[in-house]
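Working through the structure, step by step
The primary structure of each chain is shown beneath.
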Amino acid sequence: MAEQKYVSLQQDSGKVKGNVEISHQVIEILLGIATNQVEGVYEMRGTLSNRIDSLFGRINHGKGVDVVFDDDKISADVFVYLEYGVSIPKVSLEIQKSAIEQLEFMTDLALKEINVHVVGLIAKKESGELERVTTDKKE
């Protein structure tokens, strides 16, 4: 099965004809921004190419988000690093709520499911340095 690259929106108006299609990358970006805005999220999991891009000032807001389209249903996985000391269940629930609300508000699409994967914690040392605590094999 070929991966679907766009999701089509249904038009209810009889006055305007045409299609509206949204790229899966746009949905990944939307979910990435919604996740980053949740208090307690330090950053999203990235790849080596994301880190190289960030050195040149390019930001990939869709990093750490995987979206799958199955018929008209959308499933998403978000991979996050949280700040040390936050309540993981509370922050994860807020991530899910934020993602669902933003996707529905901006696209009228509904998520079938959103899975939050906490891949590490970021702790601030007294010296001001950051300590990354992770078991993520992709890091």
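This one's a predicted model, so the numbers in the text were calculated from it and none came from an experiment.

Take the overall build of the chain next. Counting its regular elements, the chain contains three helices and seven strands. Taken from N to C terminus, the helices and strands of the chain fall in the order β-β-α-β-α-β-β-α-β-β. Of all 139 residues assigned to the chain, the portion counted as buried reaches 34%. Put simply, of all contacts in the chain between residues at least 6 apart along the chain, 61% involve residues at least 24 apart. Element-wise, carbon and sulfur atoms account for 50% of the exposed surface of the chain, whose accessible area totals about 9,600 Å².

Of note in this structure, Asp-108 is not a glycine but carries a positive phi near 65 degrees. Its place among the elements puts Asp-108 in the loop between helix H3 (88–107) and strand S6 (111–124). Residue classification places Asp-108 among the exposed residues on the basis of a relative accessible area of 70%.

Moving on to the pattern of salt bridges. For the structure shown, the criterion picks out one salt bridge. A salt bridge links Glu-94 to Lys-97, with the shortest nitrogen-to-oxygen separation between them at 4.0 Å. One end of the pair is Glu-94 and the other is Lys-97, both in helix H3 and three residues apart, which spans about a single turn.

With that out of the way, let us pick up the environment of Tyr-84. By secondary structure assignment, the location of Tyr-84 is in the loop between strand S5 (73–83) and H3. Taking the C-alpha atoms as reference points, Tyr-84 and Arg-132, 48 residues apart in sequence, are found 9.6 Å from one another. Apart from residues no more than four positions distant in its own chain, Tyr-84 is found in contact with Leu-121, Ile-122 and Ala-123.

Thresholds applied
Each chain has its residues counted from 1, following the order in which its sequence is written. Local features in this predicted model are restricted to residues of pLDDT 70 or higher, and side-chain atom pairs are both shown and tallied only at a pLDDT of 80 or more, whereas totals for entire chains, interfaces and linings draw on every residue. Here the side-chain values reflect all heavy atoms present in the structure, with hydrogen atoms and water set aside. Counting from the N terminus, the helices are the DSSP runs of H or I reaching at least four residues and the strands are the DSSP runs of E reaching at least two. A simple rule labels every residue: compare its accessible area, found with a 1.4 Å probe on the protein chains alone, to the largest value its type can have, and call it buried under 20%, exposed over 50%, or partly exposed in between. The contact criterion used is simple: two residues touch if any of their non-hydrogen atoms lie within 4.5 Å. Note on areas: Shrake-Rupley, 1.4 Å probe, and residue coverage restricted to the protein chains presented here. What makes a salt bridge here is a side-chain nitrogen of Lys or Arg within 4 Å of a carboxyl oxygen of Asp or Glu, nothing more.

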